[in-house]
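The lines below spell out each chain.
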Amino acid sequence: QQTAPVRQEQSQAEKALALINTFATGDTDTARSLLADGYIQHNLAYGTGAGEQVAFDIFRFDENGKIAEHWDVMETIADQSTWQNQNGKF
């Protein structure tokens, strides 16, 4: 019985999807492992190296199950010394 070889490398599409998934899960270790040293951020709202950020997307679906609207929010996480409670803003 022959088994398929184990693939060691992720494709670029798999890496991109894995990074997008980290936005939802908050898995910063995986995000760091996927980003190159000197990673450049091209989102106009955030500069490169803007620190830890939180982001979320909201979708509204229509009666046919199609995406009708989309919103997203991204914000740099404030330094813990400025928090008013233990769980921060998010």
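Not measured: the values here are computed from a predicted model. Each chain carries its own residue numbering, running from 1 in the written order of its sequence. Local features are withheld for residues below a pLDDT of 70 in this predicted model, meaning they are given only at 70 or higher, and side-chain atom pairs are given and counted only at 80 or more; totals for whole chains, interfaces and linings count all residues. Excluded from the side-chain calculations are hydrogens and water; all other atoms, namely the structure's heavy atoms, are used.

**Quick word on the overall build of the protein**
Numbering of helices and strands runs from the N terminus, with a helix taken as a DSSP run of H or I at least four residues long and a strand as a DSSP run of E at least two residues long. Within the protein, the secondary structure is distributed over two helices and two strands. Helices and strands in the protein line up, N terminus first, as α-α-β-β. Each residue gets one of three labels from its accessible area relative to the maximum for its type: buried under 20%, exposed over 50%, partly exposed in between, using a 1.4 Å probe on protein chains only. A total of 90 residues make up the protein; the buried ones form 8% of that total. In the protein, of all internal contacts separated by at least 6 residues, the share reaching a separation of at least 24 is 20%. Whether two residues are in contact is decided by their heavy atoms, any of which lying within 4.5 Å being enough.

**Overview of a nonpolar patch on the surface**
Only residues whose relative accessible area exceeds 30% and that form no salt bridge enter a patch; like-charged residues are grouped when within 9 Å of one another, and nonpolar side chains (Val, Leu, Ile, Met, Phe, Trp, Tyr) when within 5 Å. Note on areas: Shrake-Rupley with a 1.4 Å probe; residue coverage comes only from the protein chains shown. Note on definitions: salt bridges are taken to be side-chain nitrogens of Lys or Arg within 4 Å of carboxyl oxygens of Asp or Glu. A cluster of nonpolar residues, F56, I58, W71 and V73, forms a patch on the protein surface that exposes about 340 Å² of accessible area. One can find F56 in strand β1 (residues 53–61). For F56, a relative accessible area of 35% corresponds to the partly exposed category.

**Notes on the pattern of salt bridges**
Opposite charge on two side chains permits pairing when their charged atoms draw close. Inspection of every chain in the model, using the stated rule, returns one salt bridge. Of the charged contacts, one joins R32 and D29 as a salt bridge, the two residues approaching to 3.8 Å between their closest N and O atoms. One end of the pair is R32 and the other is D29, both in helix α2 (residues 28–34) and three residues apart, which spans about a single turn. On the basis of relative accessibility, which here comes to 59%, the residue D29 falls in the exposed class.

**Quick notes on the side chain of T22**
If you trace the backbone, T22 turns up in helix α1 (residues 12–25). Apart from the residues within four sequence positions on either side, T22 is in contact with D27, T30 and A31.

**Comments concerning the confidence of the model for the protein**
Confidence of the predictor at the level of single residues is given by pLDDT, which spans 0 to 100. Per-chain confidence: the protein averages 77 in pLDDT, with 79% of residues scoring 70 or above. The secondary structure element of the protein with the lowest average pLDDT is β1, at 76, and the one with the highest is α2, at 87.

**A short note on the environment of T82**
Secondary-structure assignment places T82 in the segment after β2 (67–76). Under this definition, polar contacts are N or O atom pairs within 3.5 Å; protein pairs additionally need one hydrogen-donor-capable and one acceptor-capable atom, and for neighbouring residues in sequence, both atoms have to be side-chain atoms. Polar contacts involving the side chain of T82 include one to the main-chain carbonyl oxygen of D79, which spans 2.7 Å.

**So, the environment of D72**
In this structure, D72 sits in strand β2. In this structure, D72 is in contact with F56 and D57, ignoring residues within four places of it in sequence.

**Observations concerning α1**
To estimate the expected span of a helix, subtract one from its residue number and multiply by 1.5 Å. Between its terminal C-alpha atoms α1 stretches 20 Å, which fits the 20 Å expected from 14 residues at 1.5 Å a residue. Residues of α1 that are buried: A18, L19 and T22. Buried residues of α1 fall within an arc of 100 degrees about the axis and therefore sit on the same side. In this structure, α1 carries A13, L17, I20, F23 and A24 as exposed residues pointing more than 90 degrees from its buried face. Think of the arc as the fan of directions from the helix axis to the C-beta atoms.

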